Amino acid sequence: MDKSRLISKALEAKKLAYAPYSNFPVGAALMTSSGKIFTGCNVELASYGGTICAERTAIVKAISEGARDIKAVCCVADTEDFCTPCGICRQFIYEFGSDIEVIMVNNKGEFRSASISELLPHAFGPQNLIKHS
Ligand code: THU
């Protein structure tokens, strides 16, 4: 998988962030098994709770276009620390695969990777409901 391509797509998406309240722009890009890339940015609302993160924007775009086989999700912010997905986004990523690779990028373009199962240990997910039914 071409990580540098995914990172540059996430950086491009960050430029489109609508973050007038936090001034914390985030960009995301995901890749599917067929190599297709979907991007997203955070979109904030004056009623703060309705805000959507960059990662979820990208995932919603992919799913609504019929692309479900997500292999990797990359997120980037203008911070020294690696941009790690929030709890809601971790759950969202996990929904579409327990072994999805998460690529977290900092403002120097450096990155670290972890699987979503590492970022969300002992997750509640689709498997729990399937076992129950
Ligand atoms: N945010 C993201 O888009 N992704 C993350 O991984 C962390 C947080 C957004 C939500 C909000 O618009 C802003 O960053 C500050 O929390």
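Preceding this paragraph is the structure being described.
Here is a short report on the structure shown in this document.

Reading the values: rules and limits
- Residues numbered from 1 in each chain as written.
- Predicted model: local features only at pLDDT ≥ 70, side-chain atom pairs only at ≥ 80, totals over all residues.
- Heavy atoms only, no water.
- Salt bridge = Lys/Arg side-chain N within 4 Å of Asp/Glu carboxyl O.
- Helix = DSSP H or I, 4+ residues; strand = E, 2+ residues; numbered from the N terminus.
- Buried < 20%, exposed > 50% of the residue type's maximum accessible area, 1.4 Å probe, protein only.
- Polar contact = N/O pair within 3.5 Å; in protein donor to acceptor, adjacent residues only side chain to side chain.
- Contact = heavy atoms within 4.5 Å.
- Pairing = 2+ DSSP bridges.
- Axes fitted to C-alpha atoms, helices over the stretch in contact; angles between N-to-C directions.

Right, let's get into the pattern of salt bridges. For the coordinates displayed, the defined rule picks out three salt bridges. The partner of Asp-78 in a salt bridge is Lys-14, with the nearest N and O atoms 2.7 Å apart. Of the two residues, Asp-78 sits in the loop between β3 (70-77) and α3 (87-95) while Lys-14 sits in helix α1 (residues 3-14), which places them 64 residues apart along the sequence. Under the relative-accessibility criterion, Lys-14 is labelled buried at 14%.

This next bit is on the side chain of Glu-44. One can find Glu-44 in the loop between β2 (37-41) and α2 (54-64). A distance of 2.5 Å separates a polar atom in the side chain of Glu-44 from a polar atom in the side chain of Ser-22. The residues contacting Glu-44, other than those within four sequence positions of it, are Tyr-18, Ala-19, Pro-20, Tyr-21, Ser-22 and Thr-51.

Turning next to the sheet that holds strand β5 (residues 111-115). Strand order in this open sheet of five strands is β2-β1-β3-β4-β5, and the pairing throughout is mixed. Looking at the sheet topology across the chains shown, the edges are occupied by β2 and β5. Here the average twist between neighbouring strands, direction ignored, is 20 degrees. With five bridges joining them, strand β1 (residues 26-32) and β2 adopt antiparallel strand pairing. Within β2, the position partnered with Ala-28 by the bridge is Gly-40.

Remember that the coordinates give geometry; whether it matters functionally is a separate question.
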